[in-house]
Structures are given as C-alpha cells and as structure tokens.
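# Per-entry structural report
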Amino acid sequence: MLVLSRKKEESVVVGGSSSFERVLKVKVLEIGTEHVKLGFEVDRDVPVHREEVWARIHAGVVKN
C-alpha cells in the first residue's frame, strides 16, 4: 500500500502512463475533525464506488 500525505486542495493522480491511459485524480476538498471529503475526477465510463458498495456489487448483492 502506498501512503501519501496531502493537505486541503492537494491531489494525487493515478494512471496516465503509456501503459495505463486513463487518469484518476483524487483531491482533498475538506478536512474535518472526524472525516475527510475527497473529490474524484475520472472518465464517466469508469465506475467509482465506496468500498462497501463495491464489495456488495462484486458479491452479486447489488446490480451495477
């Protein structure tokens, strides 16, 4: 696991190399005492889910 520290309004970019053309940009929008609000920029055809929803989809409980 890669662990990075980011401040408010800073981002992390995943992908975009020659072998992986799609880019996922994750931006820290807000930092609270109990949570962090993240923004995700990715192509519309790339699904983005919370982990618990993703697990239910892959278990066949929820239709995507």
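The residue count restarts for each chain, going from 1 along the sequence in the order it is written. Owing to the predicted nature of the model, reporting of local features is limited to residues with pLDDT of at least 70; listing and counting of side-chain atom pairs is limited to 80 or more, with chain, interface and lining totals taken over all residues. Here the side-chain values reflect all heavy atoms present in the structure, with hydrogen atoms and water set aside.

## Regarding the sheet that holds strand 2 (residues 20–31)
Any two strands between which DSSP finds at least two bridges are classified as paired. In this description a helix means any DSSP run of H or I spanning at least four residues, a strand means any run of E spanning at least two, and both kinds are numbered starting from the N terminus. Taking strand neighbours across the sheet as the criterion, the three strands line up as 1-2-3 in an open arrangement whose pairing is antiparallel. The two strands at the open ends of the sheet, each matched to only one other strand, are strand 1 (11–17) and strand 3 (36–41). Adjacent strand axes in the sheet meet at a mean angle of 15 degrees, parallel and antiparallel pairs treated alike. Pairing of strand 1 with strand 2 involves six bridges; the strand directions are antiparallel. Paired with S11 across the bridge in strand 2 is K27. Axis geometry follows a simple rule: fit a line to the C-alpha atoms, using only the stretch in contact for helices, then measure angles between N-to-C directions, giving values from 0 to 180 degrees.

## Some points on the layout of surface pockets
The rule is simple: put a 1 Å grid over the protein atoms alone, call a set of points where a 1.4 Å probe fits but cannot get out a cavity, call an open set with protein on both sides within 12 Å along at least five of seven lines a pocket, and count a residue as lining if it has an atom within 4 Å of a point. Grid points are joined across faces, edges and corners, and a volume is the space filled by probe spheres set on the points. The computed volume of the largest pocket comes to approximately 160 Å³. In terms of residues, the lining of the largest pocket owes the most to one element, strand 2, which gives four residues. Residue composition of the lining of the largest pocket, by class: eight nonpolar, no polar and two charged. Think of it as three bins: nonpolar holds Ala, Val, Leu, Ile, Met, Phe, Trp, Tyr, Cys and Pro, charged holds Asp, Glu, Lys and Arg, and polar takes everything else, Gly as well.

## Here's the deal with the environment of A55
Of note, A55 is situated in helix 1 (residues 51–58). Taking C-alpha positions, A55 is 21 Å from K37, a pair spaced 18 residues apart along the chain.

## Focus: the pattern of salt bridges
In the sections that follow, a salt bridge refers to a side-chain nitrogen of Lys or Arg positioned within 4 Å of a carboxyl oxygen of Asp or Glu. Following the criterion strictly, the structure yields five salt bridges and no others. For R22, the salt bridge is made with D45, and the minimal N-O distance between the two is 2.7 Å. Highlighted residues: R22 in strand 2 and D45 in the loop between strand 3 and helix 1, separated in sequence by 23 residues. Relative accessibility under 20% of the residue-type maximum defines a buried residue, over 50% an exposed one, and the middle range a partly exposed one, all with a 1.4 Å probe and only protein chains included. Note on R22: relative accessible area 37%, which makes it partly exposed. Here the salt bridges do not stand alone but share partners, grouping R22, D43 and D45 into one network.

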